[in-house]
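Close look at the chain arrangement
The chain contents come next:
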Amino acid sequence: MMVLITYDISMEDPDGPRRLRRVAKACLDYGVRVQYSVFECEVDAAQWTFFRDELLSLYNEEKDSLRFYKLGKNWKSRIEHHGAKPAPDIFRDAMIL
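The structure displayed is predicted, hence computed values, not measured ones.

The helix and strand inventory of the protein stands at two helices and four strands. Expressed as a percentage of contacts within the protein between residues at least 6 apart in sequence, the contacts between residues at least 24 apart total 64%. Accessible area for the protein stands at about 6,800 Å²; split by element, carbon and sulfur atoms hold 52% of it.

Put into structure tokens, the structure is as follows:
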């Protein structure tokens, strides 16, 4: 399934930059960055369970926010891209996990 991950990590405390790097690295392990804090991740159900738990363990629920948009199996018909940066083709641009 395709999951769109967005996050906003607070930089108001000294640990913010560290949390930001860890969340971004976890997202890069499962998907491709399409905006600074937005990732498209193609995962199966088992990967999603592990990945979601990992992200929830990395953020501070009182200061940060995470949003998960599950686009399902027919995600290609639900994503439309316009503008300067070409949209990554996650099947053509194969990732090694």
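Right, let's get into the pairing of strand S1 (residues 2-8). Side chains on a regular strand alternate between the two faces of the sheet. With respect to burial, S1 is a largely interior element, five of its seven residues being buried. Pairing between S1 and strand S3 (residues 38-42): five bridges, direction antiparallel. Looking across to S3, one finds that Thr-6 is bridged to Val-38.

Let us look at the pattern of salt bridges. What the rule picks out here adds up to six salt bridges. Of the charged contacts, one joins Lys-63 and Asp-13 as a salt bridge, the two residues approaching to 3.6 Å between their closest N and O atoms. Here Lys-63, found in the loop between helix H2 (45-58) and strand S4 (65-72), pairs with Asp-13, found in the loop between S1 and helix H1 (16-30); they are 50 residues apart in sequence, far enough to count as distant. Taking the relative accessible area as the measure of exposure, Lys-63 reaches 44% and is therefore partly exposed. Where Arg-19 meets Asp-64, a salt bridge forms, and the shortest distance between an N and an O atom there is 2.7 Å.

Moving on to the packing of aromatic side chains. Taken as a whole, this structure holds four aromatic pairs when the rule is applied. Between the aromatic rings of Trp-48 and Phe-51, the centroid separation amounts to 6.0 Å while the plane-to-plane angle is 80°, which identifies the pairing as edge-to-face. Placement of the pair is Trp-48 and Phe-51 together in helix H2, with a separation of three residues, close to one helical turn. Take Trp-48 and Phe-51: they sit in the same class, and that class is buried. When the centroid spacing of 5.1 Å and the interplanar angle of 90° are considered together, the rings of Trp-48 and Phe-68 count as edge-to-face. Residue Trp-48 is located in helix H2, and its partner Phe-68 is located in strand S4; the two are separated by 20 residues in the primary sequence. Residue Trp-48 is classed as buried on the basis of its relative accessible area, which comes to 6%. One aromatic cluster is present, built from ring pairs that chain together Tyr-30, Trp-48, Phe-51 and Phe-68.

Definitions and cut-offs
- Residues numbered from 1 in each chain as written.
- Predicted model: local features only at pLDDT ≥ 70, side-chain atom pairs only at ≥ 80, totals over all residues.
- Heavy atoms only, no water.
- Helix = DSSP H or I, 4+ residues; strand = E, 2+ residues; numbered from the N terminus.
- Contact = heavy atoms within 4.5 Å.
- Areas by Shrake-Rupley, 256 points an atom, 1.4 Å probe, with all protein chains shown as cover.
- Buried < 20%, exposed > 50% of the residue type's maximum accessible area, 1.4 Å probe, protein only.
- Pairing = 2+ DSSP bridges.
- Salt bridge = Lys/Arg side-chain N within 4 Å of Asp/Glu carboxyl O.
- Phe/Tyr/Trp six-rings, centres within 6.5 Å; stacked < 30°, edge-to-face > 60°.

Coordinates in, geometry out; function isn't part of it.
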